[in-house]
Amino acid sequence: MQAPVLVLKDSLTRESGSKVQHANIQASKAVADIIRTTLGPRSMLKMLLDAGGGIVVTNDGNSILRELDLAHPAAKSMIELSRTQDEEVGDGTTSVIVLAGEMLHVAEAFIDKNFHPTLIIKLLKDAIAVLDKIAAPVELCCNVGNGEELYRYKIYWSIWGSNCSLDATTTVGVDLGQGLREVDIKKYIKVEKVPGGQLEDSKVLKGVMINKDVVAPGKMRRKIINPRIILLDCPLEYKKGENQTNAELVREEDWGILLKMEEEYIENLCMQILKFKPDLVITEKGLSDLACHYLSKAGVSAIRRLRKTDNNRIAKACGAVVVNRPDELQESDVGTRAGIFEVKKIGDEFFAFIDECTDPKACTVLLRGASKDLLNEVERNLQDAMSVARNMIKNPKLVPGGGATELTVSATLKQKSSSVEGIEKWPYEAAAIAFEAIPRTLAQNCGVNVIRTMTALQGKHANGENAWIGIDGSTGAITDMKERKIWDAYNVKAQTFKTAIEAACMLLRIDDIVSGIKKKQAPGAGQAPSKPTIEQEGDADNEQMIPE
């Protein structure tokens, strides 16, 4: 719906009135409709074409929305919701957009009746209270090696995805004391995608994998059991000047002295390292041929030009400390917790494995698959699964999935709306009905009869009872979520409600759009069209005659 535009100056326009609110709602609903069909396990996929001509096939809400280039400011705000949800809890990026769009849809009828948008925000406290009531605590033991206690609740996707996500998150978890546990999946969990093989060949390494080979493959060992590892953040080569350096040599033998000084400098660096008897030296900077000679002669393998992030992961995995200067090395800086160092060739590339570490605090997830598109989609789903597992470790509470939580919240709030006094009762009840958008969308994406399914679900939740009854996203059947072990993490659901309701309230409070961007005019649009002229008889006398 096009809002009226008032031109204030040449480069300043203002859109005003309730029509702006309607326009914002329509734009937000359009964004929600784009990804509505991607909710649930049997959802549709979207094919995205990027600027470089690449193709991405996915049903991840955040991945889809970040590729959109929308001009309307309300639509851009909706896209930011998905990004915020992904950064905060890592899952629920589609649900938050669908719920926010439905909240705006039910509020549209009350705009022209002069209801204030902040009435909707009153639902948030009540909705979170219902979540707290139906949440089921989970007894977690984060030191369980095989994750049996967590796996009993099938957190996400499939058995394989659950095992991988749980192994990775429990590996990198760090106890902070007082019952708190920190899990940094972005820093210390690396997903390495290698095309080829089968998905079943994927695994979580108890260590780190990097796409590097040793510096001198013929002279250095490619397999070491129980290696002693030294990590450096400095070059093992002669120090170069930052600017152009000129040296004037008077005698011929001075050139030999200069070369000898460089060799002695490199030899001194290597001797400071070799006195700790390492088996593997890894540096983030360069490593000269002379240093390679000294190290290989001592039976030490070396890897150079490693990323800082990978170096930090290796340090966390094997217990080493990244050192900036070789003369500051201590015995405590040497990593000794790695079980094996091995270089393997996968496809056409070499990969170095530092594996079988004792109590590692960093790990690598090795993904194998038929194509890059498949691996990219598996990685996106695995990132969501690891985020859910991280949320479970931080706040071990579960709520029923399959839309059962939203139906329970909706039924409870509809009952409570009868106790709300005055005209506030109507928008309160309408916003409560908006929660039914999630199970309704799940039913649509399953291909079942939506009206019959929603009527049956509403009947079971009519009195706020049967909080565990929802819709199985795979089959479309109405079942007990506790028996099917279909759960959602409490943190994800609470963040979805908070983000969706607060964003809907913010967008409804916008009644003016003022733009300081001057609109571009088409070429020649600013000039008035020239009218055809008729030559008069007297004009011919004033023309200069060209002589023959």
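The text that follows walks through the structure, step by step, so that each part is easy to find. Keep in mind it's a predicted model, so treat the numbers as computed, not measured.

Describing the packing of helix H1 (residues 18–35) against helix H4 (residues 93–111)
Angle between the axes and distance between the axes are the two parameters that describe a pair of packed helices. Between H1 and H4, the least distance of the axes is 9 Å, while the angle of their chain directions is 150°. Judged by the angle between their axes, H1 and H4 are roughly antiparallel. The two elements H1 and H4 meet at a crossing, and its hand is left-handed. Side by side, H1 and H4 meet where Ser18, Gln21, His22, Ile25, Gln26, Ser28, Lys29, Val31, Ala32 and Ile35 of the first sit next to Thr93, Thr94, Ile97, Val98, Gly101, Leu104, His105, Glu108 and Ile111 of the second.

Notes on the nonpolar core
Residues Ile97, Met103, Leu413, Phe435 and Phe497 are the most contacted members of the largest nonpolar core, which totals 51 residues. Elements that contribute at least two residues to this core include exactly H1, helix H2 (61–65), helix H3 (73–88), H4, helix H5 (122–134), helix H13 (404–417), helix H14 (425–434) and helix H18 (490–508). The biggest single contributor to this core is H4, with 10 residues. Those residues in contact with Leu413 that sit more than four places away from it in its chain are Leu123, Asp126, Ala127, Tyr428, Ala432 and Phe435. By size, the runner-up hydrophobic cluster in this structure holds 44 residues, among which are Ile266, Ile282, Ala320 and Ala338.

With respect to the pattern of salt bridges
Pairing is possible between side chains that carry opposite charge, provided their charged atoms lie close to one another. All chains considered together, the criterion is met by 26 salt bridges. Ionic pairing is found between Arg251 and Glu253, a salt bridge with its closest N-O pair at 3.6 Å. Taking the relative accessible area as the measure of exposure, Arg251 reaches 46% and is therefore partly exposed. With a shortest N-O distance of 3.2 Å, Glu284 and Lys308 are connected by a salt bridge. Remark: Lys308 occurs in helix H11 (residues 308–318) and Glu284 occurs in the loop between strand S13 (280–283) and helix H10 (289–297); sequence separation between them is 24 residues. We classify Lys308 as partly exposed; its relative accessible area is 45%. Salt bridges here are not isolated pairs; linked through shared partners, they connect Lys190, Glu192, Arg307, Asp310 and Arg313.

Thoughts on the sheet that holds strand S9 (residues 203–205)
Reading across from one edge, S8-S18-S9 is the order of the 3 strands in this open sheet, with mixed pairing throughout. The sheet terminates laterally at strand S8 (189–195) and S9, the two strands that pair on one side only. Sheet twist, expressed as the average angle between the axes of neighbouring strands with direction ignored, equals 25°. Sheet topology note: the S9/strand S18 (residues 363–369) ladder contains 3 bridges and is antiparallel.

Side note on the pairing of S18
Summarising burial for S18: 7 of the 7 residues are buried, a large majority. In this sheet, S18 lies alongside S8 in parallel orientation, the contact comprising 7 bridges. The residue bridging Ile189 from the neighbouring strand is Cys363, located in S18.

Remarks on the packing of helix H9 (residues 253–274) against H10
The interhelical angle for the contact between H9 and H10, taken along N-to-C directions, is 35°, at an axis separation of 9 Å. Seen from above, H9 lies across H10 with right-handed handedness. Touching Glu263, Ile266, Glu267, Cys270 and Leu274 of H9 are Leu290, Ala291, Tyr294 and Leu295, all from H10. Residues that form the contact of H9 with H10 fall into these classes: 7 nonpolar, no polar and 2 charged.

Description of H4
Under the 1.5 Å per step criterion, the end-to-end length of H4 is 27 Å for 19 residues, consistent within 8% with the ideal 27 Å. Counted residue by residue, H4 has 17 buried out of 19 residues, so it is predominantly covered.

Focus: the packing of aromatic side chains
Scanning all chains against the criterion turns up 4 aromatic pairs. Here the aromatic rings of Tyr238 and Tyr265 are separated by 5.5 Å at their centres, their planes lie at 80°, and the arrangement is edge-to-face. With Tyr238 in the loop between strand S12 (229–232) and H9 and Tyr265 in helix H9, the pair connects residues that are 27 residues apart, well separated along the chain. With a relative accessible area of 34%, Tyr238 lands in the partly exposed category. Judged by relative accessible area, which is 30%, Tyr265 ranks as partly exposed.

Quick notes on the rules
- Residues numbered from 1 in each chain as written.
- Predicted model: local features only at pLDDT ≥ 70, side-chain atom pairs only at ≥ 80, totals over all residues.
- Heavy atoms only, no water.
- Axes fitted to C-alpha atoms, helices over the stretch in contact; angles between N-to-C directions.
- Helix = DSSP H or I, 4+ residues; strand = E, 2+ residues; numbered from the N terminus.
- Parallel < 35°, antiparallel > 145°, perpendicular 65-115°, else oblique.
- Left-handed = near helix turned anticlockwise from the far one by under 90°.
- Contact = heavy atoms within 4.5 Å.
- Core = buried A, V, L, I, M, F, W, Y, C linked by side-chain atoms within 4.5 Å.
- Buried < 20%, exposed > 50% of the residue type's maximum accessible area, 1.4 Å probe, protein only.
- Salt bridge = Lys/Arg side-chain N within 4 Å of Asp/Glu carboxyl O.
- Pairing = 2+ DSSP bridges.
- Nonpolar A, V, L, I, M, F, W, Y, C, P; charged D, E, K, R; others polar.
- Expected span 1.5 Å × (residues − 1).
- Phe/Tyr/Trp six-rings, centres within 6.5 Å; stacked < 30°, edge-to-face > 60°.

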